[in-house]
Amino acid sequence: MTVKTIVIVDDEEELRDNLQDLLEFKGYRVISFPTGEAVLAEIDSIAVDLVLLDIQLPGIDGMQVLERLRLTHPTLPIAMVSASSIPSVLEEAKRKGANQTILKPYSHTEMLKAIHTLLGETEGS
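Note that the structure is a prediction, hence the values are computed from the model and not measured.

The next thing to look at is the overall build of the chain. From N to C terminus, the chain includes five helices and five strands. The C-alpha atoms of the chain give 13 Å as radius of gyration, which agrees with the globular expectation for 125 residues (14 Å, within 12%). Judged by the C-alpha coordinates and their principal axes, the chain covers about 35 × 30 × 25 Å. Buried residues in the chain amount to 44% of all 125 residues. Contacts in the chain between residues at least 24 apart in sequence constitute 59% of all its contacts with a sequence separation of at least 6. Of the roughly 6,700 Å² of accessible surface on the chain, 52% is carried by carbon and sulfur atoms. Charged side chains in the chain number 11 positive and 20 negative. The centres of these two groups are separated by 7 Å.

Set out below in structure tokens:
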């Protein structure tokens, strides 16, 4: 079985580190970035299976990153992670190509279920 690579883009360092620890414990390879600019600069040099992308980022926000990623990686699974449950924000993410939106705060179980779904894995694989 090949190890799946998940990219996390979130400016909240503690949240990013906690999620990275969880996913690495579950056997994923994780690469994290604090900004949209950082992930856009590196994404083409990484074999990525899934991106977890925060909507609220300093500089280039998550929606702009999503749009740019869709141009170069149209089939890459991307989940937007948001503290906002405002319908217009969630609809915009979907319209711009997000495969799923995960609302903060999320439980480990919720996040892992979303990841399994996005990667086409059965739970526990």
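The subject of this paragraph is the pairing of strand β1 (residues 5–9). A large share of β1 lies buried, amounting to five of its five residues. Alternating positions in β1 separate into two faces, T5, V7 and V9 on one and I6 and I8 on the other, with burial throughout. Alignment of β1 against strand β2 (residues 29–33), held across five bridges, turns out to be parallel. Counted as the bridge partner of V9 is F33 from β2.

To continue, consider a negative patch on the surface. Judged by side-chain charge, E13, E14, D17, D21 and E24 come together as a negatively charged surface patch. Tracing the backbone through its elements, the reader meets D21 in helix α1 (residues 13–25). Residue D21 is classed as partly exposed on the basis of its relative accessible area, which comes to 49%.

Across the interface, α1 lies against helix α5 (residues 108–119) with an axial gap of 12 Å and an inter-helix angle of 60 degrees. By the angle class used here, α1 and α5 are oblique. Read as a crossing pair, α1 and α5 show a hand that is right-handed. In this structure, α1 uses L19, L22 and L23 to contact α5, whose residues at the interface are H108, M111, L112 and I115.

The rules we used
- Residues numbered from 1 in each chain as written.
- Predicted model: local features only at pLDDT ≥ 70, side-chain atom pairs only at ≥ 80, totals over all residues.
- Heavy atoms only, no water.
- Helix = DSSP H or I, 4+ residues; strand = E, 2+ residues; numbered from the N terminus.
- Rg over C-alpha atoms; globule rule 2.2 N^0.38 Å.
- Buried < 20%, exposed > 50% of the residue type's maximum accessible area, 1.4 Å probe, protein only.
- Contact = heavy atoms within 4.5 Å.
- Areas by Shrake-Rupley, 256 points an atom, 1.4 Å probe, with all protein chains shown as cover.
- Lys, Arg positive; Asp, Glu negative; His and termini not counted.
- Charge placed at Lys NZ, Arg CZ, Asp CG, Glu CD.
- Pairing = 2+ DSSP bridges.
- Patch = residues over 30% accessible without salt bridge, like charges linked within 9 Å, V, L, I, M, F, W, Y side chains within 5 Å.
- Salt bridge = Lys/Arg side-chain N within 4 Å of Asp/Glu carboxyl O.
- Axes fitted to C-alpha atoms, helices over the stretch in contact; angles between N-to-C directions.
- Parallel < 35°, antiparallel > 145°, perpendicular 65-115°, else oblique.
- Left-handed = near helix turned anticlockwise from the far one by under 90°.

Interpretation note: all reported values are geometric properties and have no functional meaning in isolation.
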